[in-house]
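# Results of the structural survey
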Amino acid sequence: MTTPLGEVLDSRRAAEFQKAARALLKEPLLLAHGPHADEYRLARQHAAELRDWFDRNVGWSLRVDAEAARLRKTPGAPADPTHPAREASRAQAPFTRRRYVLLCLALAALERGEAQIALGRLAGQVVLDAADPQLAAAGVQFTLERRDERLDLAAVVRLLLRYGVLRRVAGDEDAYVSGAGDVLYDVERRVLAGLLAARHGPSTVAAEDAGDRLAGLIAESALDSDELRFRAIRQTLTRRLLDDPVLYYDELTDEELAYLTRQRGFVAARISELTGLVAEVRAEGIAMVDPLDDLTDVRMPEQGTHGHVTLLLAEHLAATGGEVGRDELERRVRELAAEHGGFWSKSAKQPGAEAELVEQALTKLTALGLVTRTPGGVAPLPALARYAVGETVVIEPGARTPQRKAQAS
């Protein structure tokens, strides 16, 4: 039997809408040119529907113009340190405190600057701004005379190149780092203007503590009615379910838990409609699982030595059921190297490599909501039970490992 043309078109439109939404969740800044140009065109085509969905369900604004589509995401847990900015290179090293400060100083200099800027000139502006007494009091100091400082600035610039804030016209960052040359960039001012995702300007937030300042940047307006309070709770829960690999009930306030208990089906259905994620409900919480294994920035299991070590340590931690010290985990890795070393890289079998292997594994397991760090080491969280050897705990047919959704903002 032939499917009516109207149904075919509706199905295609729904698939395109979902693809555009997933693209924005993975890359909240889609440029009209470059590797995400096709996704940008879909986001522009469905801009009105997407803008309405994000505004009502998560309180995120969507701006689409001729150059970019910018979803201003704000995380459900602003102080969560498990999804840092990362180097735009194969190593993907997480940004350090110094790189974050350099990023902010560079953005401030670009905002005041012209349509083109050389890296050397940008460096000079950063050095001048870093001389601010308040930064000096906080222990921030840059001369950019040392190679490691220039490497940090180059990493910041490459991140801005990836975001489309800058376009390289001539030169190379490596030449600048070595002191052998300079680089010239075009500044995409409209992209730059939309980069900050905050409800309040940083200068208007009076709090001193870093966590309080983050909360102040995205604070809601006064919630003076039940309707507004319930809407804020729904938006917070939806953000958590979209961003976090697992939403544990014991992390919620009494009011949030009561709302989720009543409205779980509605909230999960709205997310599934937008993204195709499937709700996996357990006694301890909810995970929105991606059948396509695509909407994530941290995967497990994963190929290679580090992926294998992480999976084996997950099995070990799931079996222990309680807190485990770092020394025990490193000892376990040495045992695993003797058993599985034939499949591992040469460097992973070197004496002393176990400390780095354990740290990388714990970083991934923490980011996935499978373990939590403790003063004495690490403790498993309930979702880790799916890695217990010989135990299958899948709820939905075909469900996959919970993945932490991409969180660039």
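Residues numbered from 1 in each chain as written. Predicted model: local features only at pLDDT ≥ 70, side-chain atom pairs only at ≥ 80, totals over all residues. Heavy atoms only, no water.

### A short note on the sheet that holds strand 6 (residues 183–187)
- Sheet architecture is open: 3 strands sit in the order 4-6-5, paired in antiparallel fashion. Whereas interior strands pair on both sides, the edge strands pair on one side only; in this sheet they are strand 4 (116–118) and strand 5 (166–171). Each strand of the sheet is rotated relative to its neighbour by a mean of 25 degrees, with strand direction disregarded.
- With 5 bridges joining them, strand 5 and strand 6 adopt antiparallel strand pairing. Directly across from Ala 170, in strand 6, lies its bridge partner Leu 184. (Pairing = 2+ DSSP bridges. Helix = DSSP H or I, 4+ residues; strand = E, 2+ residues; numbered from the N terminus. Axes fitted to C-alpha atoms, helices over the stretch in contact; angles between N-to-C directions.)

### Description of the pairing of strand 10 (residues 371–374)
- Relative to strand 11 (residues 377–380), strand 10 is paired through 4 bridges, and the arrangement is antiparallel. In the strand pairing of strand 11, Thr 374 is matched with Gly 377.
- Linking two consecutive strands that pair antiparallel, namely strand 10 and strand 11, is a turn of 2 residues.

### Brief notes about the sheet that holds strand 1 (residues 29–31)
- Taken in spatial order, the 3 strands make up an open sheet running 1-3-2, and their pairing is antiparallel. Since the sheet does not close on itself, it has two edges, and those belong to strand 1 and strand 2 (61–64), each with one partner. Taking each pair of neighbouring strands and ignoring which way they run, the sheet shows an average axis angle of 5 degrees.
- As paired elements, strand 1 and strand 3 (residues 68–72) share 3 bridges and run antiparallel to each other. Paired with Leu 31 across the strands is Ala 68, a residue of strand 3.

### Looking at helix 7 (residues 147–163)
- Between its terminal C-alpha atoms helix 7 stretches 24 Å, which fits the 24 Å expected from 17 residues at 1.5 Å a residue.
- All buried positions along helix 7 are accounted for by Glu 149, Arg 150, Asp 152, Leu 153, Ala 154, Ala 155, Val 156, Val 157, Leu 159, Leu 160, Leu 161 and Tyr 163.
- Phi turns positive one or two residues past the end of helix 7, at Gly 164, with a value near 85 degrees. (Expected span 1.5 Å × (residues − 1). Buried < 20%, exposed > 50% of the residue type's maximum accessible area, 1.4 Å probe, protein only.)

### Quick look at the side chain of Asp 65
- Here Asp 65 lies in the loop between strand 2 and strand 3.
- For Asp 65, a relative accessible area of 11% translates into the label buried.
- One polar contact links the side chain of Asp 65 to the main-chain amide nitrogen of Glu 67, over a distance of 2.8 Å. (Polar contact = N/O pair within 3.5 Å; in protein donor to acceptor, adjacent residues only side chain to side chain.)

### Describing unusual backbone geometry
- One non-glycine residue with positive phi stands out, namely Leu 144, at about 55 degrees.
- Look at Leu 144 and you get buried, because its relative accessible area is 7%.
- Of note in the backbone geometry, Asp 293 takes a positive phi value of approximately 50 degrees without being a glycine.
- Topologically, Asp 293 is positioned in the loop between strand 9 (285–289) and helix 13 (304–320).

### Comments concerning the packing of helix 13 against helix 14 (residues 326–340)
- Interaxial distance between helix 13 and helix 14 falls to 11 Å at its minimum, and their mutual angle equals 125 degrees. Relative to helix 14, helix 13 is oriented oblique. Between helix 13 and helix 14 lies a crossing whose hand is right-handed. Across from His 308, Val 309, Leu 312, Leu 313, His 316, Leu 317 and Thr 320 in helix 13, the residues of helix 14 making contact are Glu 328, Leu 329, Arg 332, Val 333, Leu 336 and His 340.
- Of the residues contributing to the contact of helix 13 with helix 14, the split by class is 7 nonpolar, 4 polar and 2 charged. (Parallel < 35°, antiparallel > 145°, perpendicular 65-115°, else oblique. Left-handed = near helix turned anticlockwise from the far one by under 90°. Contact = heavy atoms within 4.5 Å. Nonpolar A, V, L, I, M, F, W, Y, C, P; charged D, E, K, R; others polar.)

### Thoughts on the side chain of Arg 70
- Mapping Arg 70 onto the fold places it in strand 3.
- Comment: no salt bridge for buried Arg 70; closest opposite-charge side chain is Glu 27, at 8.8 Å.
- Here the side chain of Arg 70 touches Gly 194 through a polar contact of 2.9 Å, landing on its backbone oxygen. (Lys, Arg positive; Asp, Glu negative; His and termini not counted. Salt bridge = Lys/Arg side-chain N within 4 Å of Asp/Glu carboxyl O.)

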